[in-house]
Amino acid sequence: MTFVTKLRLQSGDRAVLDSVVDDIKSTAERKGAELKGPHSKTTQRMQVPLSKDTTGGGRLGSWDYTVYSREVEIVGHDDLARRIAAREFPEPIHVEVEVEQINPVGSGA
């Protein structure tokens, strides 16, 4: 049985996001782990309306920002995947980790 660890990383700072993803990629390559990705996801453009006060009276416009997303999968290498997922990421990075157990074809399980 093999585990696939999926890391979804998001940030409004594209440079920091790409730096973190490049670091994950180079770490996996050095350790000989199978890495799928990074896959770029659709960039999200967000808008948050701004009000002059808490009653909602009078609008100031909106705060616009962009969220960039990348996804990588580490196949096997459970210890490496665990270390990468548990590391401390820079403040502007949001990380989601999903671990999936897969059975090899023909294993009968």
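Residues numbered from 1 in each chain as written. Predicted model: local features only at pLDDT ≥ 70, side-chain atom pairs only at ≥ 80, totals over all residues. Heavy atoms only, no water.

The protein chain is annotated in an unreviewed UniProt entry as Small ribosomal subunit protein uS10 of Natronoarchaeum mannanilyticum. As stated in UniProt under Function (unreviewed entry), the record for the protein chain gives "Involved in the binding of tRNA to the ribosomes." Reading the Sequence similarities (unreviewed entry) entry of the UniProt record for the protein chain gives the comment "Belongs to the universal ribosomal protein uS10 family." (UniProt positions renumbered as here; feature names shortened; annotations may be inferred.)

> Outline the overall build of the protein chain, listing residues and values.
Check the secondary structure of the protein chain and you find two helices and five strands. Moving toward the C terminus, one meets the helices and strands of the protein chain in the order β-α-β-β-β-α-β. Relative to the globule expectation of 13 Å for 109 residues, the C-alpha radius of gyration of the protein chain, 19 Å, shows a markedly less compact shape. Projected onto its principal axes, the C-alpha coordinates of the protein chain cover approximately 65 × 30 × 20 Å. When the 109 residues of the protein chain are sorted by exposure, 27% land in the buried category. For the protein chain, restricting intrachain contacts to residue pairs at least 6 apart in sequence, the fraction spanning at least 24 positions comes to 73%. For the protein chain, the centre of its 15 positive side-chain charges and the centre of its 17 negative side-chain charges are spaced 3 Å apart. (Helix = DSSP H or I, 4+ residues; strand = E, 2+ residues; numbered from the N terminus. Rg over C-alpha atoms; globule rule 2.2 N^0.38 Å. Buried < 20%, exposed > 50% of the residue type's maximum accessible area, 1.4 Å probe, protein only. Contact = heavy atoms within 4.5 Å. Lys, Arg positive; Asp, Glu negative; His and termini not counted. Charge placed at Lys NZ, Arg CZ, Asp CG, Glu CD.)

> Give me the environment of Glu73: which residues, what numbers.
Position of Glu73 among the secondary structure elements: in strand 4 (residues 59–75). Since its relative accessible area comes to 15%, Glu73 is described here as buried. Placed 55 residues apart in sequence, Glu73 and Asp18 show a C-alpha to C-alpha distance of 16 Å. What Glu73 contacts, discounting residues up to four positions off in sequence, is Val4, Thr5, Lys6, Glu34, Leu35 and Lys36.

> Before we move on, can you summarise the pattern of salt bridges with the specific residues and values?
Summed over the entire model, instances satisfying the criterion amount to seven salt bridges. Notably, a salt bridge pairs Asp18 with Arg14, separated by 4.0 Å at the nearest N-O pair. Taken together, the positions of Asp18 and Arg14, both in helix 1 (residues 14–31) and four residues apart, correspond to about one turn of that helix. Through salt bridges with shared partners, one network takes in Arg8, Glu71 and Glu98. (Salt bridge = Lys/Arg side-chain N within 4 Å of Asp/Glu carboxyl O.)

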